[in-house]
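For reference, the chains in residue letters:
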Amino acid sequence: MQVSRKRVGMALAVLGLVGVASLALLPVERLAPGPLPLPVIALRLLTLVNPALLVVAAAWMGAVLAPRIGLDAPAVRLALAGRLPGPVLRRQARVAAWTGLGAGLLLAGYATATDPYFASLSAEAASRIQALTPPLATRLLYGGITEEILARWGVLTLGSWLAWRLLGRPERPADGVYWTGIMTAAMVFALAHLPFLYGIAGDPPLWLILAALATNALAGTAFGWLFWRMGLEAAMMAHALAHVTAILIGIAAAA
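A.B. asks: Sorry, what's going on with a positive patch on the surface here?
C.D. replies: Taken together, the side chains of R5, R68, R165 and R169 define a basic patch exposed on the protein surface. Here R5 is to be found in helix α1 (residues 5–21).

This is how it looks when you write it as structure tokens:
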């Protein structure tokens, strides 16, 4: 059974919106400098509008462009066709597990290296950090699902498609086409984390900015490679596992 691009895009948009909804768990109202202009629930819901629009756009764009250059979300497509995606997910999970563990170690190393700096900040900054630190559900749903739809399904696919077009739309895209998309998406993914860094640190030093960029770019490169080679779901699994690994290492280090 052939699955239309529209159905794939709609399914991924719904998955991405679940992750966006998890952002409502963040107490963003604690960042307001004075009295709240709106009720708490309204303020939290307003913060979901931009990421919701972006993830719907990325889901649609990837659904249109990915099949043209051989990128896929095979488990989603099988499920929409009424077939069991289990075998594909198990094959993806074997590779995603090692990638996710490696990325988790990278995130844990970044946390260890930067913890002394964050511990030296003011009480006000500490309050911002506590308010903006996402709970596990948000890290898994928004990080593992939504960010992969945005960065890999959306940006990586678009970057690869543009490179493919510039090279004359060859029947079989060269590896460089995909690496163009992978590196583009990794840098966008890394840069997208800077507002969070500025939000909690105020005016971070250059070394911290570079450390955050390098950490997220390396992780994004690994997730992008997984998407190319194994499918979008593999990148999602690795991303989610990276967060779990980093959290568990942090708990073990603090014990």
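The discussion continues.
A.B. asks: For this particular structure, what's the right way to read the layout of surface pockets?
C.D. replies: Over the atoms a probe the size of a water molecule is rolled, and this reveals where empty space is left. Looking at the second largest pocket, its volume works out to about 210 Å³. What lines the second largest pocket is a set of 13 residues, among which V3, V8, P67, D72 and R77 lie closest to the centre. Those elements that place two or more of their residues in the lining of the second largest pocket are α1 and α3 (49–65).

A.B. asks: Looking at this structure, I do not really get the pattern of salt bridges. What am I missing?
C.D. replies: When the charged atoms of two side chains lie near each other, side chains of opposite charge can form a pair. One pass over the full model with this rule turns up two salt bridges. Where R77 meets D72, a salt bridge forms, and the shortest distance between an N and an O atom there is 2.3 Å.

A.B. asks: What is the right way to look at the nonpolar core in this model?
C.D. replies: Across soluble globular proteins, you tend to see nonpolar side chains buried next to one another. Grouped together as the largest cluster of nonpolar side chains are 49 residues, with contacts concentrated most on L12, L71, I149, W153, F223, F227 and L232. Elements with a contribution of two residues or more to this core: α1, α3, α5 (86–119), α7 (136–166), α8 (175–191), α10 (206–230) and α11 (232–254). Sort the elements by how many residues they give to this core and α7 lands first, with nine residues. Once residues within four sequence positions are removed from consideration, F223 is found in contact with A103, E148, R152, A235, A238, H239 and A242. By size, the runner-up hydrophobic cluster in this structure holds 15 residues, among which are L197, I200, A201 and I209.

A.B. asks: When you look at helix α9 (residues 194–201) in this model, what are you seeing that I'm missing?
C.D. replies: Counting along an α-helix, one turn takes 3.6 residues, and residues three or four places apart therefore face a common direction. When we look at burial in α9, the residues that qualify are L194, L197, I200 and A201. The buried residues of α9 occupy an angular sector of 135° when projected down its axis, which confines them to one face. Looking one or two places after α9, you find G202, whose phi comes out positive at around 75°.

A.B. asks: When you look at the environment of G62 in this model, what are you seeing that I'm missing?
C.D. replies: Mapped onto the elements of the fold, G62 is located in helix α3. On the basis of relative accessibility, which here comes to 0%, the residue G62 falls in the buried class. With residues up to four places along the chain from it excluded, the contact list for G62 reads P67, W153 and T157.

A.B. asks: Looking at this model, I keep getting lost on the packing of aromatic side chains. Mind explaining?
C.D. replies: To describe a pair of aromatic rings, you give the distance between the ring centres and the angle between the ring planes. Enumeration according to the criterion identifies five aromatic pairs in this entry. Through successive ring pairs, a cluster of aromatic residues spans Y117, F118 and W207. Over the ring of F189 we find R152, and its NZ or CZ is 4.7 Å from the ring centre. A cation sits over an aromatic face here: R229 above W228, 3.9 Å from the ring centre.

Rules used in this analysis
- Residues numbered from 1 in each chain as written.
- Predicted model: local features only at pLDDT ≥ 70, side-chain atom pairs only at ≥ 80, totals over all residues.
- Heavy atoms only, no water.
- Patch = residues over 30% accessible without salt bridge, like charges linked within 9 Å, V, L, I, M, F, W, Y side chains within 5 Å.
- Areas by Shrake-Rupley, 256 points an atom, 1.4 Å probe, with all protein chains shown as cover.
- Salt bridge = Lys/Arg side-chain N within 4 Å of Asp/Glu carboxyl O.
- Lys, Arg positive; Asp, Glu negative; His and termini not counted.
- Charge placed at Lys NZ, Arg CZ, Asp CG, Glu CD.
- Helix = DSSP H or I, 4+ residues; strand = E, 2+ residues; numbered from the N terminus.
- 1 Å grid on protein atoms, 1.4 Å probe; cavity = no way out; pocket = protein on both sides within 12 Å on 5 of 7 lines; lining within 4 Å.
- Points joined across faces, edges and corners; volume = space filled by probe spheres on them.
- Core = buried A, V, L, I, M, F, W, Y, C linked by side-chain atoms within 4.5 Å.
- Buried < 20%, exposed > 50% of the residue type's maximum accessible area, 1.4 Å probe, protein only.
- Contact = heavy atoms within 4.5 Å.
- Arc of directions from axis to C-beta.
- Phe/Tyr/Trp six-rings, centres within 6.5 Å; stacked < 30°, edge-to-face > 60°.
- Lys NZ or Arg CZ within 6 Å of the ring centre and 35° of its normal.

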